[in-house]
Amino acid sequence: PYVTTPYLMVAALHDGFQIWSLMGVPPEGGWSEEELEYAEKFANRTATVLEHLASRGHAVLGASCNTHSETLSDKGFFGKSTEDGVTVSYALHHLLGLAEGAEGVRTVIKHIDACRTLDCGSGCHRCDNRDDDSFEAGCGPEIHELNAARDRRA
């Protein structure tokens, strides 16, 4: 890689702005089969780029969500996750070596959802029903249990 500075690349596999710009707002009855196929190809291409960007000191996180710039909110940073429960907050802590058992920049950190159909990631809508703005603790105690268990396995 040409970039030597450690980084965390976060990309929604179905980036909402790009999908909306390329396909438009979904019609009343939803998108056509052709449009859904396009969204799946878009997700595959995004995941491929993330795979290539992942290397030692370069972390990637790709949730299979139809979202855009969600990390600007607490809900997106602390609550939304990949299928295996990895939030942006956790991935950043892992990269910085602050998560229990994490080696930080000395390891490859790659969390990319396997599903590719539009908005199929199981962590895409975590916390959607939370009304308060306090997401620093995640979406309930289960997120801490998930992260602690993942740290023990690492």
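Notes on the structure in this doc start here. (Residues numbered from 1 in each chain as written. Predicted model: local features only at pLDDT ≥ 70, side-chain atom pairs only at ≥ 80, totals over all residues. Heavy atoms only, no water.)

1. What about the state of the cysteines?
We count it as follows: Note that a disulfide, as used here, is simply two cysteine sulfur atoms within 2.5 Å. Where helices and strands are cited, they refer to DSSP runs of H or I of at least four residues and of E of at least two residues respectively, numbered from the N terminus. Exposed residues in this analysis have more than 50% of their type's maximum accessible area, buried residues have under 20%, and partly exposed residues fall in between, with area computed by a 1.4 Å probe over protein chains only.
Under the criterion given, the structure shown has two disulfides. The disulfide bridge from Cys65 ends at Cys124, spanning 2.0 Å between sulfur atoms. Between Cys65 and Cys124 the sulfur-sulfur dihedral comes to about -95°; the bridge is accordingly left-handed. Remark: Cys124 occurs in the loop between β3 (110–112) and α5 (141–153) and Cys65 occurs in the loop between β2 (58–62) and α3 (74–79); sequence separation between them is 59 residues. For the pair Cys65 and Cys124, a shared accessibility class is recorded, and that class is buried. A disulfide bridge connects Cys115 with Cys120, and the sulfur atoms are separated by 2.1 Å.

2. Looking at the packing of aromatic side chains
Going by this rule: Centre distance within 6.5 Å is the pairing criterion for rings of Phe, Tyr and Trp, where only the six-membered ring of Trp is used; planes under 30 degrees apart are then read as stacked, over 60 as edge-to-face, and the remainder as tilted.
Inspection of every chain in the model, using the stated rule, returns two aromatic pairs. A ring pair is formed by Phe17 and Trp20, whose centres lie 6.1 Å apart and whose planes are at 40°; its orientation type is tilted. Of this pair, Phe17 and Trp20 both sit in helix α1 (residues 16–23), three residues apart, which is roughly one turn of the helix. Seen in terms of ring centroids, Phe77 and Phe78 are 4.9 Å apart; in terms of plane orientation they differ by 80°. Their pairing is edge-to-face. Its relative accessible area of 17% is what places Phe78 among the buried residues.

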